[in-house]
Each structure stands twice: as C-alpha cells, then as structure tokens.
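Results of the structural survey
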Amino acid sequence: MVNFIARRLLSGLITIWFIATATFFAMHAVPGDPLTQEKAMSPAVRAQLEARYGLDKPLIEQYQLFMSNMLRGDFGISFTQENRSVNDIIREHFPISATLGIAAVLIALVGGISAGSAAAYCKNRWPDRVVMIAVIAAISVPGFVIAGLAQLVIVALNNAAETTLLPVAGWGSVSQIWVPALVLGLGTMAYLSRIMRASMLEVLSADFNIAAKAKGVNGWRLFFHHQLRNAVLPVVTELGPTIAAITTGGFVVELIFAIPGLGRYFVQAVQQLDYTVIMGTTVFYGAFLVLVVVLVDISYGLIDPRIRLHRGRS
Amino acid sequence: MAKTLLSRFIVLRSLSTQLIASCLFILVISAPANAQAVDAAQAKVTLALATEPPTLNSAVATDTIAGFILSHLMEGLLVYDANGQLAAGVAERWQLDADGASFWLRESARWSDGKPVTAHDFVFAWRHALKPTTASQYAFIFYPVKNAEAVNNGKLPESELGVRAVSDYELRVEFGQPCPYFLSLAAFMTFLPMREDVLDHWGSRYAADSDKLVFNGAFVLEKWIHGAHLRLRKNSQYWQADSVKINEIDMPYITADPSAQFNLFRDGQIAIAPLDTGLLNEAVERGFDIEYFHTGSLFFLEFNFREGRITANRSFRKAVQRLIDPDLLVNKIIGLPGIKPAYSLFPVTVKGMKDPFREEYPVMRVDPDIAAAREYLAQAKEELGLDKFPPLVLLAGDSPRALQEAEYYQYLFKKGLGIELRIDQQVFKQRIEKMRRGDFDIVAAAWGPDYDDIMTFADLFASWNENNRGRYSNPLYDRWIRLAQHSSDTRTRFNAMAQIQRIVVEDVPILPTYENGSLYVQNPRLKGVRRSIFGGDPFFRYAWIEQ
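In this report, the structure presented in the accompanying data block is examined. The numbers attached to residues start from 1 for each chain and follow its sequence in the written order. All chains are assigned letters beginning with A, and all ligands numbers beginning with 1, in the order in which they are written. Thresholds applied to this predicted model are a pLDDT of at least 70 for local features of residues and 80 or more for the giving and counting of side-chain atom pairs; totals over whole chains, interfaces and linings are not thresholded and use all residues. Note: side-chain values were computed over all heavy atoms of the structure, leaving out hydrogens and water.

**Concerning the interface of chain B and chain A**
Whether two residues are in contact is decided by their heavy atoms: any pair within 4.5 Å suffices. Of the residues lining the interface, 62 residues belong to chain B; the matching set on chain A comes to 63 residues. The salt bridge definition used is simple: a Lys or Arg side-chain nitrogen within 4 Å of an Asp or Glu carboxyl oxygen. Along the contact surface separating chain B from chain A lie two salt bridges. Note that B:Glu52 and A:Arg84 form a salt bridge whose closest N and O atoms lie 3.9 Å from each other. Think of a polar contact as two N or O atoms within 3.5 Å of one another; within protein, one of them needs to be a possible hydrogen donor and the other a possible acceptor, and neighboring residues in sequence only count if both atoms come from side chains. Our count for the chain B to chain A interface comes out at 14 residue pairs in polar contact (both at pLDDT 80 or more). Helix and strand assignments come from DSSP, with helices taken as H or I runs of at least 4 residues and strands as E runs of at least 2, each series counted from the N terminus. Within the residue set of the side of chain B that touches chain A, elements represented by two or more residues are helix H1 (2–29), strand E11 (248–254), helix H7 (258–266), helix H14 (428–437) and strand E17 (442–447) of chain B. Among the elements that line the side of chain B that touches chain A, the one with the most residues is H1(B), at ten residues.

Okay, here's the thing in structure tokens:
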C-alpha cells in the first residue's frame, strides 16, 4: 500500500510539473501580455513595468525563475490586482470555492445515490421515469441557465412572500450557500444517479443479493450492508474527478451568485492574461486534482471488501 | 417482496422529505437580516459592483470602478458638483493664466486621521505619479505641466517638475505648454493628493486594504473584503460633512453579470442596476423607470494605413463611408435607446467655447448612397490596379453587440460592394494586441475621454499618438493639432478643431458609428445621484434618500 501511494504521488508530481510547463509556454504563446491595456502605454512606462515583473528577460530565464519560485511556494504578485500576491488570492478565495464545492458534492452525492437507488428499485415504473427525465434535463441544460432560473424563482418567491426567504446572491451567511451549491451540484447529481441506477440494477439481480435475501436479511440491513456498499463503488470512483471539477468549475455559479471564489479569479486571469495568477491557480488546481485522485484510490481500498482482502495478502 | 421494497421506498421518501424540510428550515432561519436597497433611517444605500477595483492607489489607478470609489474617498483641488460643473474642492480659489495656475487651499480640509491637507500632499502625489518607477499609465496626462515628460522618462529629477508648494496652503503649477483645460485635470483621479508618510509606511502594500490608506473625501473605506465586499462610510473629518446626506454605501455583491444585478434589484437588495438589451425589455414590461446617461465614448471603424493595405486607399474608405448608415445601425441593429448615431470624431457631449462644440461647429454630413459607394469602389479598384478585391479582415470584440454589429457590416460589404469581410472576433487583450501589431484591415474600436477637453479626442489620430492603431499619418492633421496645443487663444484652438472634424469626414481615417449611452434602473426613493462622464460615476456625494 505504501509503495502504491508513493508511486501515485511521484506520478502526481510529474503531472504537476508537466501542467506547469505546458501552461507556462502556452500562455506566453497567446498574443498580448498582462500589460496590454485599452490605452497605449508610453515605451518608458512599459519598460518599467516589464522590468518590475521580469517580462524583459528571455522566456527560458523567466521559466527558470518561475520554477524556482514555485518550489519555494511563491507564485508572485498579480498583474491585475496590483498589491496582492497570488498566494493571498488562493488563500483567501479557495476556501470559499471549496466550501461551495463540498456542499455541492454532498448534495450531489446524497441526491444521486437516493435518486439512483429509488429508480433502480422501481425500474420501469413512474418513479424511475421521473428520475430519468430529470437526469436528462439536468445533464443537458447548461449551468448558467439553471443558475439564472434558480435566481428568478428566488426573486419570485421573495416578492410573493414580501420578505427575503432566500438570498438572491452574495456570500457570507449559511443561507447563501445552498442554492448555488444545489445548482453547482445538479449536473453531477444527475450523472451520479444514472451510474447509481445502473450499478444498483446489477446488484439487485446478483447472486449474492438473492442469497442474502434467502438468508432472511431484509430492510435497512439488506440495503446498506449488501446492496448499497456494492453498488456505490462506481460512484466513489467518479467522486475524485467530480470533487475536483466542482470545486474548480464553479465559475458561472460564482459569477451569477456573486460568490468571491477562486473559480472566478481563475477564469478572469485567463481572460486578462494575468500570468502569475494563471500559473498559481493552474498549478494549485492541478495539485489539488492529483491529490484528490490519490485519496480516492486509497478510499477505494477501504470501501471495497475485495480490495481490502487483497491488501491483507500483500 | 415487491411490497417490502415499496414500503422501503416510501420510508426513504419520507426521510428525504424530512431532510428537505429541515434544510428549508435552516435556510429560512439563517437568512440575512432583511437587507434593503435603500434605508432612509440609516441613510444607507446598497449597491452591486461589476468588478473589484484593481487598486485604490490614485497614482496608478486607470479603470472606472477605481474612479468611482476614489471619487468618494478622495477630493482633489477641484471637484465636479451636483450638476457636473467644476467647483471648489480642497482649493477654495484658483487662478489660471497662460503659463500656469495657482491654487489656494482651504485650511479646514482634513485627512481622515485629522491631519490637515496641504499643498505638499499634492506636490508629493504628482511627483510620485510621474516617477519612472511608479510606471503610472496616466502619467501622460501631466505632460502640459513643465518638465513632466522629462521627469517621467527619467531625464530630469522629480524636483524639476513644474509644481511647488509656495506655502502650506498655496500651490503653484508652471505649464510647459498652454493648458486651458487644466482646471478639469485638477479634478482628475491621478491629480488627487497623497500622503507621503502613509505611502512610506506601507510601501508596496499601500492601498491594498481599507486600513492602508487615508482619505480626504466625503467618505472613508470602512471595509474591503477582496472580491466580495466594500463598504464606504461618511467621513466625519470631511470639511463639508454636514452637507453629505448618505451615511453608508454598502457593496456586498461583486458580479459582472447584468442579469444577476437585475435580479438583485428586483428583489429590492440593490438600488441601481445596469440594463442590456434583454433586460431592457423586461424592465419595460415590469414598468420600471428607465434611466439613461451618455457615457461620452465614441465607437468607430478604424482603417489600417500600413503599407500594402487596401484600406490605405482613400477612394476605398470613401466607398465604405457611403455604404454604412450609422442611423440604421443604431436604430435597427443595436436597437438600444440611449445609443446615438455618430457623425463626427467629437461626440455631442464635447464642450466648445461656450456651448457644446457640435452646436458651435456643426459637422458636414455625408449621406449613405449605394451608387456613390460603388463609384468610389470602382475608382479604388483602378487606383489599386486590382481586378477583384480580396477578402478583408474585420477585427471585432467578443461581446454579443460587437458580433451583431460586425455581422451587419459583413452583410453590407457583401451585398453593397461584393467584398467578403472576414470577422476576426477576439477577446479583449488579444484584440488590443492585434490592433497594436496592425493585424487587421478594419477594426471596430472605441474611445472614452480621459479629460474634459476636446483634445482628448482630437489628438487621437495624430501621427505620434500611440493609440492611433491604424497608423494614420496626415501632415495637415498633425499641423492643426500642434497649432491647437500651442495656442492659448480659445477661438484659434476651436477653429483648429473644426478643421480636424472636417479632415475626419473628408479623408475618413476612421468612420464614426455610434456614441455610447448607458441604461439603468434606479430605486425611486434614491435621489440626487449624479451620472456623468467626469468626476466619478455614479456619484453619491450629493445624493439623499426620500422617506
């Protein structure tokens, strides 16, 4: 197991190095640079700024400098947010994206597993149909439409109640988390429902399930111990990339609900060619993704009884 | 068996119902205290910001959001009053002459920490803005001040800059060239005072947080959570604090999405929301009052004059001029009230000697005429020795409106002139970079005024201007600009400007298309908010809330 984790971590580090290098050169290949502004700059001002940010050095030297700074955990100063370090931006805004993302994953997980199981239990009857239609709708309608619709519904609700039942946007109180988290998690919830349904159907017709029932196991014990634990594995496999995608892919939701998460900085940085923020957020998210995937691999071993057996032998 | 499964499902379902119910309960009890767009009792206004100000350091700030915030936090020598006219700020009186200006500062002006605002704070701020290491992008705006350009380029020490404190309360500015519009510059963001001790203390962290700068304006920055929340509170040290009626401007939402802002407005959470085409219809349906103001900016098609470009041919440009009807573009294609068709380099908001420039010097109108356009095109073909025009590249922005506009031109070129126009749609920075490199035939560009004088538009197409992206070069144009820059006689200046206006129509270095306007909805109880091109927008210094 230790060997396995070490191998995964090493390949993770190589992946991060590759992401950083590829992003660095791709970003410099795009026309324009962070100093490009609507109004032209005098050559003297431009020279000063280039010197301040090290843009006057040859590209390969800039790359070396970036890499050595990165190893020391320093991503430099943002170009667009004059006085802020990229480290500060990540430190202040990632927890917000993460909170939103975790809430979204929880909603998606609980919703997806229950809806998928219910659909499998009622295969080809109306609850199944309802769930599957909802799944298709949630997967095919883009997030910004759902976000906009959710906001319209809230406004209508609040106007009807003549008080603030739910906040329309903003960040800072618990009540401001749930709606954006639901919107953010909806697509994933739908996707997980489908996986859960398929996998649960398989389990329901499996020999061990029939054997368990024949032994007289029923009720919650049958569901949680025998069916869910086996059926949920494919969902857990999806969880790693899902968590990473949700915590990083919240740009639209963050924009529409005015949430100061890192996703917004990530996308804006690309639009504004804010080199340091692009590199900082990309490497950070890359590392985060790698870490989550490794963690899921480990948790896989904890949940699946068969994988645990394997560990016992080695 | 089926029965047990079903009952299981029912249990699950009732469980989830309970879960949803308890979630809703949590949601409802933890909803924030019913925030209101306007609160008369507390004299509080709540707003949303499109983006966070990139910096609040007045020496380097360039964007409109920073301009809006700074106009509330700081006060310059002069200010724009409730009607958008120049009025006394920190300076209680002043004198403008041909070779300089003197300002006498009021002794009652205070910083938020209680220290007096003195002439030294202005001298320091201006020198700091011009220091080469500050790399201020607005340094050029100081260039009429004596030695400003040389100081900015590091050729002279900053002590040589033509500004000095005669006493604590008297400031003298020497000009290097006539600057009849200097009073409006004195109200501009980069000319705001700065405290040397505060800057020294915070160094590169200056103005990075609400506690890292001091204020001499009507408000102080009470709270700044990056990317999330800004709050301004009335400055008790402000010399005119008695006349400031708003106690608090709270901005707990930062989102560039107009729909989100509109939803917040409809929900009564914010007092002002901008409108785009889609939202305009909705606002009209809901019976909101639609407000409007002219942003002062000009949109135009700019031609590329670099070697070998077809667009460098005058007959070709005349053909395009005869092809495009700004009136049709504005009314049929853009269809947003408040946007005006443009016919001159100078928008209708530009000031003349006494009245608006366009009233004093009406522009010669060239009416669209497809037959004339084709005649010019035939002439261009002959002059260029072409059998057929190759496809041309139209560089455009990535907004829905920019695309709509570009597609309209594409249609007109094909239908009217038989020329294929290829749309090169680019995000902001890439478009600017392609403009700089000259990687286009025609570009849909825009210009907003920097200062309250006609020259902010006029010198745009002088051959030496870095913002002249098409590299238009006309000795006659340059000569009129030089004449106006070196003349302190108002009539001479504006006569020269009339010549510039004529050259733009006759030689078509650019083709003006429309003058931009901004539409918005505003809470009807909020009064006296000034919307204007100069002096910070929107401006709440003179606003109040009706009971």
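**Focus: the sheet that holds strand E2 (residues 44–49) of chain B**
Residues and elements named next belong to chain B. Strand pairing is defined by DSSP finding a minimum of two bridges between the two strands. Strand order in the open sheet made by the five strands is E1-E2-E11-E10-E9, with mixed pairing throughout. Edge positions in the open sheet fall to strand E1 (38–39) and strand E9 (219–225), since each of these has one partner strand only. One ladder, built from five bridges, connects E2 with E11; its direction is parallel. Residue pairing for E11: valine 45 is matched across the bridge by isoleucine 249.

**Comments concerning the sheet that holds strand E7 (residues 163–167) of chain B**
All names here are of chain B. With antiparallel pairing, the four strands of this open sheet are ordered in space as E5-E6-E8-E7. Taken across any chain shown, the strands that pair with only one partner, and hence form the sheet edges, are strand E5 (91–97) and E7. Each adjacent strand pair in this sheet contributes to an overall mean axis angle of 20°, direction not counted. Direction of pairing for E5 relative to strand E6 (residues 100–105): antiparallel, over a ladder of six bridges. Residue pairing for E6: glutamine 95 is matched across the bridge by serine 102. Across the sheet, helix H3 (residues 119–130) lies against E6, E7 and strand E8 (170–174), angled at about 170° from E7, the strand it touches most. A fitted line through C-alpha atoms represents every axis, and for helices the fit uses only the stretch in contact; the resulting angles, taken between N-to-C directions, go from 0 to 180 degrees.

**Notes on the pattern of salt bridges**
Residue and element names in this part refer to chain B. Under the defined criterion, the tally for this structure stands at 37 salt bridges over all chains. As a salt-bridge pair, lysine 115 and aspartate 197 come within 3.6 Å of each other at their nearest N and O atoms. One end of the pair, lysine 115, is in the loop between E6 and H3; the other, aspartate 197, is in helix H6 (residues 196–202), and 82 residues separate them in sequence. Given a relative accessible area of 43%, lysine 115 falls into the partly exposed group. Within the structure, one salt-bridge network assembled from shared partners comprises Lys44, Glu222, Arg231, Arg233, Glu248 and Asp250. Only protein chains enter the area calculation, which uses a 1.4 Å probe; residues under 20% of their type maximum are buried, those over 50% are exposed, and those in between are partly exposed.

**Observations concerning the nonpolar core**
The biggest cluster of nonpolar side chains holds 216 residues, and the ones touching the most others in it are B:Phe103, B:Trp126 and B:Phe182. Setting aside chain neighbours within four positions, we find B:Trp126 in contact with B:Leu77, B:Phe142, B:Leu161, B:Val163, B:Leu171, B:Val173, B:Phe182, B:Thr190, B:Phe191 and B:Leu192. We define the nonpolar core as a collection of buried residues of types Ala, Val, Leu, Ile, Met, Phe, Trp, Tyr and Cys that are connected through side-chain atoms lying within 4.5 Å of one another. The next biggest cluster of nonpolar side chains, apart from the first, holds 35 residues, and it includes A:Val45, A:Phe75, A:Leu273 and A:Val296.

**Comments concerning the pairing of strand E18 (residues 510–522) of chain B**
Residues and elements named next belong to chain B. Summarising burial for E18: twelve of the 13 residues are buried, a large majority. Sheet analysis places strand E12 (residues 272–274) next to E18, joined by three bridges and oriented antiparallel. The residue bridging proline 274 from the neighbouring strand is tyrosine 520, located in E18. The sheet contact formed by strand E13 (residues 290–303) and E18 spans ten bridges and is antiparallel. In the strand pairing of E18, histidine 294 is matched with glycine 517. Here strand E14 (residues 340–341) pairs with E18 via two bridges, running antiparallel. Its bridge partner being in E18, lysine 340 is matched across the sheet by glutamate 515.

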